[in-house]
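Understanding the architecture of this molecule
Letter by letter, the chains look like this.
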Amino acid sequence: MELLIVDKEGILIRYNVKMEKSMTPEDAAAELYPKDELIRPIAEAIFEGEEDDVIEGLEAAIAAGKEPIALIDDALMVGMKVVTDLYDQGIIFLPNVMMSADAMLEGIEFCKAEAGSSPKPRGKVVVHVAEGDVHDIGKSIVAALLRANGYEVVDLGRDVPVDEVIAAVKKESPMMLTGTALMTTTMYAFKEVNDRLLEAGIKVPFQCGGGAVNQDFVSTYELGVYGEEAADAPKMADAILAGKGLAQLKAIFHKH
């Protein structure tokens, strides 16, 4: 079935209703999978969130001569990129991403065990939930997505005192700090973290997000960069690796 629809410029365009309705997330993913016959099953298993199938695919690839550590970038990361691309397009949703991230992390651990070594992380990120706040679902999602994208995560947990956050940043020297807060009464800890870091001469990008947090608030302190969604965390880390400074991060991620 085709409809003729007038767009905002008054131009008639054809709209294939049957095709649009028949395009499933699986169809969209199939167009993005790699062609390599050894890599494709691993990417498919990542998309489906099937941990056992991921391991089975890795075993087959290693038996065929693929290096375990190389498979992290060449297969697991490739499969996860399919997932994040479809998430960015609104074709799949956060629960799908979390299942895929878990499957990928299982695959990474398997590859590390097979190789007897670990790949070098792309960078280190410290994550925490604001002091006084015990709601850690958002933080856990941020940590999972960062790990799935190859970053080392130092997870301080929930209800983390400002002193502990500052001590962790000094000890770990991360490329980025993240903080989440669900309650408006706890998000003001972020401003204190910001001020204490500046007093110590530390200018690390501080990604802040969560149900209580908005861009206007985060914009009031120097190190703050607003993360509207958990998926912004790895994108922000990627931007830092690409050489983006605080002003550029704010320009990219401050959307409103």
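Residues numbered from 1 in each chain as written. Predicted model: local features only at pLDDT ≥ 70, side-chain atom pairs only at ≥ 80, totals over all residues. Heavy atoms only, no water.

1. Section: the nonpolar core
Short version of the rule: Take the buried Ala, Val, Leu, Ile, Met, Phe, Trp, Tyr and Cys residues and link them wherever side-chain atoms come within 4.5 Å; each set so joined is a nonpolar core. Here's how the labels work: a residue is buried when its accessible area is under 20% of the maximum for its type, exposed when over 50%, partly exposed in between, all with a 1.4 Å probe on protein chains only. Elements are defined by DSSP. Helices are runs of H or I of four residues or more, strands are runs of E of two residues or more, and each kind is numbered from the N terminus. Here, residues are in contact when the closest pair of their heavy atoms is within 4.5 Å.
Formed by 81 residues in total, the largest nonpolar core has its most connected members in Leu58, Leu76, Leu146, Phe190, Leu197 and Val213. When residues in this core are grouped by element, the largest group, ten residues, is from helix α5 (residues 68–88). Not counting residues within four places of it along the chain, the set of residues in contact with Leu146 comprises Val125, Val127, Tyr151, Val153, Met176, Ala233, Pro234 and Ala237.

2. Observations concerning the environment of Arg158
To keep things clear, this is the line we draw: Any pair of nitrogen or oxygen atoms within 3.5 Å is treated as a polar contact; in protein, a donor-acceptor pairing is required on top of that, and neighbouring residues in sequence qualify only through side-chain atoms on both sides.
You can see Arg158 is positioned in the loop between β4 (152–155) and α8 (162–172). A relative accessible area of 49% means that Arg158 is categorised as partly exposed. Within polar-contact distance, the side chain of Arg158 engages the backbone oxygen of Val134 at 3.2 Å.

3. Some points on helix α12 (residues 246–253)
What counts is decided by this rule: Read the arc as the range of directions from the helix axis to the C-beta atoms.
Among the residues making up α12, those that are buried are Leu246, Leu249 and Phe253. Relative to the axis of α12, the buried residues are bounded by an arc of 60° and lie together on one face. Seen from the buried face of α12, the exposed residues on the opposite side, beyond 90 degrees, are Ala247 and Ala251.

4. Thoughts on the UniProt feature "domain: B12-binding" (unreviewed entry) in the chain
Worth spelling out the cut-off: UniProt positions are given in the numbering used here, feature names are shortened, and annotations may be inferred rather than shown by experiment.
UniProt records the feature "domain: B12-binding" (unreviewed entry) at residues 122–247, using the numbering of this structure. Split by type, residues 122–247 is 40% helix and 17% strand. Its first and last C-alpha atoms lie 22 Å apart.

5. Section: the packing of aromatic side chains
In plain terms, the rule: When two rings of Phe, Tyr or Trp (its six-membered ring) have centres within 6.5 Å they constitute a pair, described as stacked for plane angles under 30 degrees, edge-to-face for angles over 60, and tilted for the intermediate range.
Counted according to the given criterion, the structure contains five aromatic pairs. Summarising the aromatic geometry, the rings of Tyr33 and Phe47 are spaced 6.4 Å apart at their centres and angled 75° between planes, so their arrangement reads as edge-to-face. Taken together, the residues span a long stretch of sequence, with Tyr33 in the loop between α2 (25–30) and α3 (40–48) and Phe47 in helix α3 at a distance of 14 residues. Overall, Phe47 belongs to the buried group, its relative accessible area being 12%. On the numbers, 6.4 Å between centres and 45° between planes, the contact of Phe206 with Tyr221 is tilted. One end of the pair, Phe206, is in strand β6 (residues 206–209); the other, Tyr221, is in the loop between α10 (215–218) and β7 (224–226), and 15 residues separate them in sequence. Assigned by exposure class, Phe206 and Tyr221 land together as buried. Here a set of aromatic residues connected by ring pairs shows up, and it is made of Tyr188, Phe190, Phe206, Phe217 and Tyr221.

6. Let's talk about the side chain of Asn194
Inspection of the secondary structure assignment puts Asn194 in helix α9 (residues 189–199). Residue Asn194 is classed as buried on the basis of its relative accessible area, which comes to 2%. Those residues in contact with Asn194, other than ones at most four positions away along the chain, are Phe206, Tyr221, Glu222, Leu223 and Gly224.

7. A short note on the pattern of salt bridges
In plain terms, the rule: Just to be clear on terms, a salt bridge is a Lys or Arg side-chain nitrogen sitting within 4 Å of an Asp or Glu carboxyl oxygen.
This model, assessed by the stated rule, comprises 13 salt bridges. Residues Lys66 and Asp36 are paired through a salt bridge, measuring 3.5 Å at the closest nitrogen-oxygen approach. Here Asp36 lies in the loop between α2 and α3 and Lys66 lies in the loop between α4 (51–63) and α5, a separation of 30 residues in the sequence. Lys139 is the partner of Asp155 in a salt bridge, and the nearest nitrogen-oxygen pair spans 3.0 Å. A residue pair is termed long-range when its members are at least 10 positions apart, and Asp155 in strand β4 and Lys139 in helix α7 (residues 137–148) qualify at 16 residues. A relative accessible area of 33% places Asp155 in the partly exposed class. Looking at Lys139, the relative accessible area reads 6%, which means it is buried. Each member of the salt-bridge network shares a partner with another, and the members are Glu228, Asp232 and Lys255.

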